[in-house]
Amino acid sequence: LPVVTATGATVCLGSTINLGATGGVTYSWSGPGPYTSNQSNPSITNAMANMAGSYVVTVTDVNGCVNANVAQVSVNPSLTINASSNSPVCQNATLNLSASSGVTWIWTGPNAYASNQQNPSIPNAQPNVSGTYTVIGTDANGCQGTATTLVTVNPLPIVTSTSNTICVGNPATITASGASTYTWNTTATGSSLTLSPTIT
């Protein structure tokens, strides 16, 4: 009888299953699906979970003798990964990106940003780093997953205030603009601050 070798595979979901057999001149494969092939080394593209299992190859040698062997195929799921950040942040703050899982990571983003850390940081972030960041994670089986997170870096407000020329003993009102909340060095709040004269 021919000595038949049969080689299976462990692959990731969506990749290619490569089977292999030696020992004869003709080959007949059968497997889950039901799968069939007459090639010695067939390939199955776009691997799905239901393609995992036992693949039997029947081999015929030059003398017409027949033997068979079994190859095992495992299909691992894609990595489930999430991407997040502490966005929105203000200009000059530190932007923190985060990936939820994996053993290796590749981050890309605006302005040719790249990092291989799971949770990279961008210090002194400016508004031009706003945009979509993508992370490709790889797990211990070599399977990958992709996730994105949208980042916003808000510019600092441009605050202006009025200046007044007043007479001694008269009250003065200072008005600020350009923001939504205000705190003066007197601890007063609001966009306007009235200074009352103190006569001693």
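Nothing here was measured: the structure is a model prediction, and the numbers come from that model.

Calculation rules
Think of each chain on its own: its residues are numbered from 1, step by step along the sequence as written. Reporting of local features is limited, given that this is a predicted model, to residues whose pLDDT is at least 70; pairs of side-chain atoms are given and counted only at 80 or more, and all residues count toward the totals for whole chains, interfaces and linings. Calculated side-chain values reflect all of the structure's heavy atoms, with hydrogen atoms and water omitted. Strand pairing is assigned whenever DSSP identifies at least 2 bridges connecting the two strands. Numbering of helices and strands runs from the N terminus, with a helix taken as a DSSP run of H or I at least four residues long and a strand as a DSSP run of E at least two residues long. The pairing test for Phe, Tyr and Trp rings, Trp by its six-membered ring, is centres within 6.5 Å, and the orientation test on the planes gives stacked under 30 degrees, edge-to-face over 60, and tilted for anything in between. The cut-offs for exposure are 20% and 50% of the maximum accessible area for each residue type, with area from a 1.4 Å probe on protein chains only; residues under the lower value are buried, those over the upper are exposed, and the others partly exposed. Two residues form a contact once any of their heavy atoms are found within 4.5 Å. Here the nonpolar core consists of buried residues drawn from Ala, Val, Leu, Ile, Met, Phe, Trp, Tyr and Cys, with membership extended through side-chain atoms lying within 4.5 Å. Angles shown run from 0 to 180 degrees and are taken between the N-to-C directions of axes, each axis being a line fitted to C-alpha atoms and, for helices, limited to the stretch in contact. In this description, a disulfide is simply a cysteine sulfur pair whose atoms lie within 2.5 Å.

## Some points on the sheet that holds strand E19 (residues 160-161)
Strands in a sheet are paired, the pairing made by backbone hydrogen bonds, and the direction either parallel or antiparallel. Strand order in this open sheet of 3 strands is E19-E20-E21, and the pairing throughout is antiparallel. Only two strands of the sheet have a single partner each, and these edge strands are E19 and strand E21 (192-195). Here 4 bridges tie strand E20 (residues 172-177) to E21, and the two strands are oriented antiparallel to one another. Considered in E21, the bridge of Ile174 is made with Leu193.

## Section: the packing of aromatic side chains
By the definition in use, this model includes 2 aromatic pairs. Ring geometry for Tyr113 versus Tyr133: centroids 5.5 Å apart, planes at 70°, classification edge-to-face. Here Tyr113 is found in strand E14 (residues 113-115), whereas its partner Tyr133 is found in strand E16 (residues 131-138), with 20 residues between them in sequence. Assigned by exposure class, Tyr113 and Tyr133 land together as buried.

## Points about the side chain of Ser101
Mapped onto the elements of the fold, Ser101 is located in the loop between strand E12 (95-99) and strand E13 (104-109). If we ignore the near neighbours within four places in the chain, the residues touching Ser101 are Leu79, Thr80, Ile81 and Gln118.

## Brief notes about the nonpolar core
If you look at the biggest cluster of nonpolar residues, it comprises 19 residues, and the most contacted ones within it are Ile17, Leu19, Trp29, Ile44, Tyr55 and Val57. Sorting the residues of this core by element identifies strand E2 (9-12), strand E5 (26-31), strand E8 (53-60) and strand E9 (66-76) as the ones contributing at least two each. Non-local contacts of Val57, meaning those with residues more than four positions away in its chain, are made with Val4, Ala6, Ala21, Tyr27, Ser28, Trp29, Asn67, Ala68 and Asn69. Membership of the second largest hydrophobic core comes to 18 residues, among which are Tyr133, Ala147, Val151 and Val153.

## Structural notes on the environment of Val59
Counting through the fold element by element, Val59 comes out in strand E8. Not counting residues up to four positions away in its chain, the partners in contact with Val59 are Pro2, Val4, Gly23, Gly24, Thr26, Tyr27, Cys65, Val66 and Asn67.

## Concerning the sheet that holds strand E17 (residues 144-151)
Pairing in this open sheet of 4 strands is antiparallel, and the strands run E14-E13-E16-E17 from one edge to the other. The sheet terminates laterally at E14 and E17, the two strands that pair on one side only. Strand-to-strand twist in this sheet, taken as the mean axis angle between neighbours without regard to direction, amounts to 15°. Strand direction decides the pairing type here: E16 and E17, joined by 8 bridges, are antiparallel. If you follow Gly131 over to E17, its bridge partner there is Val151.

## Thoughts on the state of the cysteines
With the rule as written, the count across this model stands at 1 disulfide. Disulfide partner of Cys12: Cys143, at an S-S distance of 2.1 Å. Taking the sign of the S-S torsion, -95° for the link of Cys12 and Cys143, the bridge is left-handed. Here Cys12, found in strand E2, pairs with Cys143, found in the loop between E16 and E17; they are 131 residues apart in sequence, far enough to count as distant. Here Cys12 falls in the buried class, since its relative accessible area comes to 16%. For Cys143, a relative accessible area of 1% gives the class buried.

## A few points about the pairing of E5
Residues Tyr27, Trp29 and Gly31 line the buried face of E5, whereas the alternating positions Thr26, Ser28 and Ser30 sit on a face that is not buried. In this structure, E5 lies alongside E8, joined through 5 bridges in antiparallel fashion. In the sheet register, Ser30 faces E8, and the bridge partner there is Val56. Between E5 and the antiparallel strand that follows it, strand E6 (residues 35-37), lie 3 residues; Gly33 among them carries a positive phi value of about 135°.

Treat this as a map of the structure, not an account of what it does.
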